[in-house]
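# Inside the fold
The chain contents come next:
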Amino acid sequence: LRLFGGVHYLELSGVEPYALSGDWDDFRRALVEQKGFLARFVQEQGVQTNEVQRCFALLPAFLTLARESGAGALDLLELGPSAGLNLLWDRYHYAYRHGTWGSSRLTLRGVEYAPVPGEVLETEVVVRRRRGIDLKPVDVTSDHGARLLRAFLWPGRVERAQRLRQAIEILRREPPEL
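The rules behind each value
Residues numbered from 1 in each chain as written. Predicted model: local features only at pLDDT ≥ 70, side-chain atom pairs only at ≥ 80, totals over all residues. Heavy atoms only, no water. Helix = DSSP H or I, 4+ residues; strand = E, 2+ residues; numbered from the N terminus. Buried < 20%, exposed > 50% of the residue type's maximum accessible area, 1.4 Å probe, protein only. Contact = heavy atoms within 4.5 Å. Lys, Arg positive; Asp, Glu negative; His and termini not counted. Charge placed at Lys NZ, Arg CZ, Asp CG, Glu CD. Phe/Tyr/Trp six-rings, centres within 6.5 Å; stacked < 30°, edge-to-face > 60°. Pairing = 2+ DSSP bridges. Axes fitted to C-alpha atoms, helices over the stretch in contact; angles between N-to-C directions. Parallel < 35°, antiparallel > 145°, perpendicular 65-115°, else oblique. Left-handed = near helix turned anticlockwise from the far one by under 90°. Nonpolar A, V, L, I, M, F, W, Y, C, P; charged D, E, K, R; others polar.

As a further point, take the overall build of the protein chain. Check the secondary structure of the protein chain and you find seven helices and five strands. Scanning the protein chain from its N terminus toward the C terminus, one meets helices and strands in the order α-α-α-α-β-β-β-β-α-β-α-α. With respect to the three principal axes, the spread of C-alpha positions in the protein chain is 60 × 30 × 25 Å. Scored against the burial criterion, the 178 residues of the protein chain give a buried share of 42%. Restricting the contact set of the protein chain to residue pairs at least 6 apart, pairs at least 24 apart contribute 71%. In the protein chain, 24 positive and 23 negative side-chain charges are present, and the distance between their average locations comes to 2 Å.

This part is about the environment of G156. The topology assignment puts G156 in the loop between α6 (143-151) and α7 (158-173). C-alpha of G156 to C-alpha of A30: the two residues are 126 residues apart in sequence and 20 Å apart in space.

Under the criterion given, the structure shown has eleven aromatic pairs. Ring geometry for F56 against Y96: centres 4.4 Å apart, planes inclined by 25 degrees, an arrangement best described as stacked. Of this pair, F56 sits in helix α4 (residues 55-69) while Y96 sits in strand β2 (residues 93-96), and the two are 40 residues apart along the sequence. Given a relative accessible area of 7%, Y96 falls into the buried group. Ring geometry for Y94 and Y96: centres 6.2 Å apart, planes at 10 degrees, overall stacked. This pair shows no difference in class: Y94 is buried, exactly as Y96 is. Three or more aromatic residues joined by ring pairs make a cluster, and in this case those are F56, F62, W89, Y94, Y96 and W101.

Let's shift gears to the pairing of β2. Within a regular strand, the side chains alternate between the two sheet faces. Where burial is concerned, the two faces of β2 agree: the one with H93 and A95 and the one with Y94 and Y96 are both buried. As paired elements, β2 and strand β4 (residues 107-108) share two bridges and run parallel to each other. Residue pairing for β4: H93 is matched across the bridge by T107. Across three bridges, the pairing between β2 and strand β3 (residues 99-101) is antiparallel. Within β3, the position partnered with A95 by the bridge is T100. Connecting β2 to the next strand, β3, in antiparallel fashion are two residues.

To continue, consider the packing of helix α1 (residues 2-12) against helix α3 (residues 35-44). Across the interface, α1 lies against α3 with an axial gap of 9 Å and an inter-helix angle of 130 degrees. With respect to α3, the element α1 is oriented oblique. In the crossing of α1 with α3, the sense of the turn from one axis to the other is right-handed. In this structure, α1 uses R2, L3, G5, G6, V7, Y9 and L10 to contact α3, whose residues at the interface are F37, L38, F41, V42 and Q43. Taken together, the residues of the contact of α1 with α3 break down into eight nonpolar, three polar and one charged.

Written out as structure tokens, the structure is:
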């Protein structure tokens, strides 16, 4: 994963069209020509993923917690948040069978094995504080950090890439504490 991520990172950097070309010879050429960079990347860079689609399952839990506890405000603490995109779950829009929640250009949809009750989706909650604790947090306010997360998305995953791009835009307006 690290090796493919490193080659994809190079391509996203505009170095060479290695990863997306689908040509094995181009990929092999990348391994030879970029050997030093790729060796460092594989050694130093852990796999970084931050799929905000997970929030589709988290939102009903957070709303139920707020509703049943009577808490109108939550403080978030996430261990291993990578870039912290999932700490922003309240800044996304959600579409469920029995209604929607939130307001954002980024809309999350998914499979509901049991419908989320409409009354849960009527719950209002405020996030007072967001804090993520990570050994190597990713700063997606930088080009490098955003490119790093994109590098671990495989080519052809258009919807996932669009979600990531939109989530990074949202984070850049008001980043969480990492």
